[in-house]
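Residue strings, one per chain:
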2 protein chains.
Amino acid sequence: MRMGQLSERSGVPIATIKYYLREGLLHAGRRTSRTQTEYDETHVRRLTLVRALLDIGGLSVAHAGEVIAAMDDESAPVNQVLSTAQQSVSGFTAGSTPVDRQAAETALDELVARQGWQVSPGNPGRAAAIDVLATFDHLDGVDYADLVQSAAAAADIVAEADLALVQQAGGRREQMVETVVTGTVLGDVLIVALRRMAQEHHARKQYPQG
Amino acid sequence: MRMGQLSERSGVPIATIKYYLREGLLHAGRRTSRTQTEYDETHVRRLTLVRALLDIGGLSVAHAGEVIAAMDDESAPVNQVLSTAQQSVSGFTAGSTPVDRQAAETALDELVARQGWQVSPGNPGRAAAIDVLATFDHLDGVDYADLVQSAAAAADIVAEADLALVQQAGGRREQMVETVVTGTVLGDVLIVALRRMAQEHHARKQYPQG
């Protein structure tokens, strides 16, 4: 299809498609003559993914570019690609709080042991989790232990579904990586969104009077 | 305590404290003479919260200011304050995808019914959840139904713990609202962070060869 049709199919304006092409968010089409370029279903699909990363996931164009580059790097073994894709969508700003992190780090290690998880020190979630636990420690008067334990149980449920999703891809590398990226970025938004809805439900039960 | 000591206790530089005072993120101290102002434990605690919103939650100063204003508005009934606090930390960018949302909206309503949740149409999570489901629909070849169901189960577990946390505050309004804000903003980061860790664990089990 021509670029005009790609724009119609994807709902993305032509000027924006050209911008994505320049920024490496979208792979080039196939040149069929000096003035014509053909696009196909892979371009429609990629545009859906790019819009989801930017509009729903809230990633910057630069950050989305890194994710796309990781997806398109075919030299890496699958396990490493999954970890890169996962890491590149984990835009945590960690280690910035002035509070003491030692106790929080120990608490996280204990939580991981209780869950029976095998997690490497470089996991992108670790530093962020430590930041949160350290802040909880710092805010006296509330015991966050049950929330932390529930969050771990919830994370485990979702992660198991995440991996089942990757397995659906049946070893097709491109599909696996796309699934990790969409599942991770959109899954984050989905969990947080559904948490808001479940919070309203439980708050209504607990405080019916308003 | 004087501002110098507040800075030491909180780990926040004096210039930054002055900035937060100007922006309304921190309440004023008590003027004890023409040149001296006294700060207390409420200021230390508020600074911890502000840094958590900005550094860990990733909120903008303007957005954090809205959250603080909602926390400090003592005229509203508790249920409404909880909903405002929850809403003000839900920085979703919804409705921006060009894909068809009707089927996704129906699917979300069915999910809510299956969960037995009572959720109002204006819930801040709804539009974001619809966006995600619509994008999942649009990406053929992968069946996201189990992930969505798992995310709902996970959200329910966490939301129940969220409300138990609010209950700990025992009806003290300020404590309740602070708990909702920290629990929601930091809880979001925590769930996402722990999901990364659990993903690594399940990926290692599923793809041990690398």
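All figures in this text were calculated on a predicted structure; none of them were measured in a lab.

**Let's talk about the overall build of chain A**
If you tally the helices and strands in chain A, you get nine helices and two strands. Seen in sequence order, chain A has helices and strands lined up from the N terminus as α-α-β-β-α-α-α-α-α-α-α. For chain A, the residues scored as buried account for 52% of the 210 residues in total. Contacts spanning at least 24 positions in sequence make up 62% of the contacts within chain A whose residues lie at least 6 apart.

**Some details on the relation of the copies chain A and chain B**
The operation relating the pair of chain copies consists of a rotation about an axis and a translation along that axis. With an axial shift of 0.0 Å and an RMSD of 0.0 Å, the rotation relating chain A to chain B amounts to 180°. On this basis, the relationship between the two copies can be described by a two-fold rotation axis. Within chain A, the C-alpha atom positioned nearest to the axis of rotation is that of Ala154(A), 2.1 Å from it. Mapped onto chain B, 99% of the interface residues of chain A again fall at the interface, so both copies present the same surface.

**Describing the interface of chain A and chain B**
Taken together, the contact between chain A and chain B spans 94 residues of the former and 93 residues of the latter. For the chain A face of the interface with chain B, the top three residues by lost area are Arg195(A), Arg196(A) and Met197(A), together amounting to 9%. Linking chain A with chain B are six salt bridges. The residue Asp162(B) makes a salt bridge to Arg195(A) at a minimum N-O spacing of 2.9 Å. Linking chain A to chain B there are 30 residue pairs in polar contact (both at pLDDT 80 or more). Among the secondary structure elements, those contributing two or more residues to the side of chain A that touches chain B are helix 3 (41-56), helix 5 (78-88), helix 6 (102-115), helix 7 (124-138), helix 8 (145-168) and helix 9 (173-206) of chain A. Among the elements that take part in the side of chain A that touches chain B, helix 9 of chain A stands out by supplying 27 residues, more than any other. Its residues placed into classes, the side of chain A that touches chain B shows 47 nonpolar, 31 polar and 16 charged.

**Brief notes about the packing of helix 2 (residues 14-23) of chain A against helix 3 of chain A**
Residue and element names in this part refer to chain A. Between helix 2 and helix 3, whose axes approach to 12 Å, the crossing angle comes to 90°. Here helix 2 is positioned roughly perpendicular relative to helix 3, judged by the angle of their axes. Of the residues in helix 3, those in contact with Thr 16, Ile 17 and Tyr 20 of helix 2 are Leu 47, Val 50, Arg 51 and Leu 54. Considered class by class, the residues forming the contact of helix 2 with helix 3 number five nonpolar, one polar and one charged.

**Here we look at the environment of Met176(A)**
All names here are of chain A. By the secondary structure assignment, Met 176 is in helix 9. Relative accessible area serves as the criterion here: at 3%, Met 176 is assigned to the buried category. When the C-alpha positions of Met 176 and Ser 60 are compared, they lie 23 Å apart, and in sequence the two are 116 residues distant.

**Some remarks on the nonpolar core**
Judged by nonpolar contacts, the single largest core of 117 residues is most densely connected at Leu194(A) and Leu194(B). One finds Tyr207(A), Leu163(B), Ala169(B) and Met176(B) within the second-largest nonpolar core, a separate group that totals eight residues.

**Quick look at the packing of helix 6 (residues 102-115) of chain B against helix 8 (residues 145-168) of chain B**
Residue and element names in this part refer to chain B. For the pair helix 6 and helix 8, interaxial distance at closest approach is 11 Å and the crossing angle is 50°. It follows that helix 6 is oblique to helix 8 by the angle criterion. Both helix 6 and helix 8 take part in a crossing whose hand is right-handed. The residues of helix 8 that touch helix 6, namely those facing Leu 111, Arg 114 and Gln 115, are Val 148, Gln 149, Ala 152, Ala 153 and Asp 156. Of the residues in the contact of helix 6 with helix 8, the class split is four nonpolar, two polar and two charged.

**Observations regarding the pattern of salt bridges**
Per the stated rule, a full pass over the model turns up 20 salt bridges over all chains. Across the pair Glu200(B) and Arg204(B) runs a salt bridge whose closest N-O atoms are separated by 2.7 Å. Taken together, the positions of Glu200(B) and Arg204(B), both in helix 9 (residues 173-206) and four residues apart, correspond to about one turn of that helix. Of the residues examined, Glu200(B) reaches a relative accessible area of 14% and is grouped as buried. Assessed through its relative accessible area of 40%, Arg204(B) is described here as partly exposed. Through salt bridges that share partners, Asp162(A), Asp188(A), Arg195(B) and Arg196(B) make up one connected network.

**Notes on the packing of aromatic side chains**
All names here are of chain A. Within this structure, the stated rule accounts for four aromatic pairs over all chains. Pairing Tyr 19 with Tyr 20 gives two aromatic rings, centres 6.1 Å apart and planes at 45°, and the pair type is tilted. With centroids separated by 3.9 Å and ring planes inclined at 0°, the aromatic side chains of Phe 136 and Tyr 144 adopt a geometry described as stacked. Residue Phe 136 is classed as buried on the basis of its relative accessible area of 5%.

**Examining the side chain of His201(A)**
Here His201(A) shows up in helix 9. Excluding residues that lie within four positions of it along the chain, His201(A) makes contacts with Gly116(B), Trp117(B) and Gln118(B).

**Describing the environment of Gly11(B)**
Along the chain, Gly11(B) turns up in the loop between helix 1 (3-10) and helix 2 (14-23). Sequence separation of Gly11(B) and Tyr144(B) is 133 residues, and the distance between their C-alpha atoms is 44 Å.

**Some thoughts on helix 9 of chain B**
The end-to-end C-alpha separation of helix 9 of chain B is 47 Å, in line with the 50 Å expected for 34 residues at 1.5 Å each. The sharpest bend along helix 9 of chain B measures roughly 30° and falls at Gly187(B).

Cut-offs used in this document
Sequence order as written defines the numbering, with residues in each chain counted from 1. Written order determines the labels here, with chains lettered from A and ligands numbered from 1. Since the coordinates come from a predicted model, pLDDT governs what is reported: local features require at least 70, and pairs of side-chain atoms require 80 or more to be given and counted, while whole-chain, interface and lining totals use all residues. Water and hydrogen atoms play no part in the side-chain values, which are based on all heavy atoms of the structure. Going along the chain from the N terminus, every DSSP run of H or I of four or more residues is numbered as a helix, and every run of E of two or more is numbered as a strand. Type-normalised accessible area, obtained with a 1.4 Å probe on protein chains alone, sets the label of each residue: buried when under 20%, exposed when over 50%, and partly exposed for intermediate values. Only heavy atoms matter for contacts: two residues are in contact if any of them lie within 4.5 Å across the pair. Least-squares superposition of the copies uses the C-alpha atoms of those residues scoring a pLDDT of at least 70 in each of them. Using a 1.4 Å probe, buried area is obtained as the accessible area two parts lose upon being combined, added over both of them. When a carboxyl oxygen of Asp or Glu is within 4 Å of a side-chain nitrogen of Lys or Arg, the pair counts as a salt bridge. Polar contact is defined as a pair of N or O atoms within 3.5 Å, subject to the rule that within protein one atom must be able to donate a hydrogen and the other to accept it, and that residues adjacent in sequence are counted only when both atoms are side-chain atoms. Residue polarity follows a fixed list, in which Ala, Val, Leu, Ile, Met, Phe, Trp, Tyr, Cys and Pro are nonpolar, Asp, Glu, Lys and Arg are charged, and the others, Gly among them, are polar. To get an axis, fit a line to the C-alpha atoms, keeping to the stretch in contact for a helix; angles then go from 0 to 180 degrees between the N-to-C directions. What sets the label is the angle itself: under 35 degrees gives roughly parallel, over 145 gives roughly antiparallel, 65 to 115 gives roughly perpendicular, and the rest give oblique. The criterion is simple. A nonpolar core is a set of buried Ala, Val, Leu, Ile, Met, Phe, Trp, Tyr and Cys residues joined through side-chain atoms within 4.5 Å. Two helices cross in a left-handed way if the nearer one is turned anticlockwise from the farther one by less than a right angle. They cross in a right-handed way if the turn is clockwise. Ring pairs are drawn from Phe, Tyr and Trp, using the six-membered ring of Trp, whenever the two centres fall within 6.5 Å, and their geometry is named by plane angle: stacked under 30 degrees, edge-to-face over 60, tilted for the rest. To estimate the expected span of a helix, subtract one from its residue number and multiply by 1.5 Å. What we call the bend at a residue is the angle made by axes fitted to the seven residues finishing there and the seven residues starting there.

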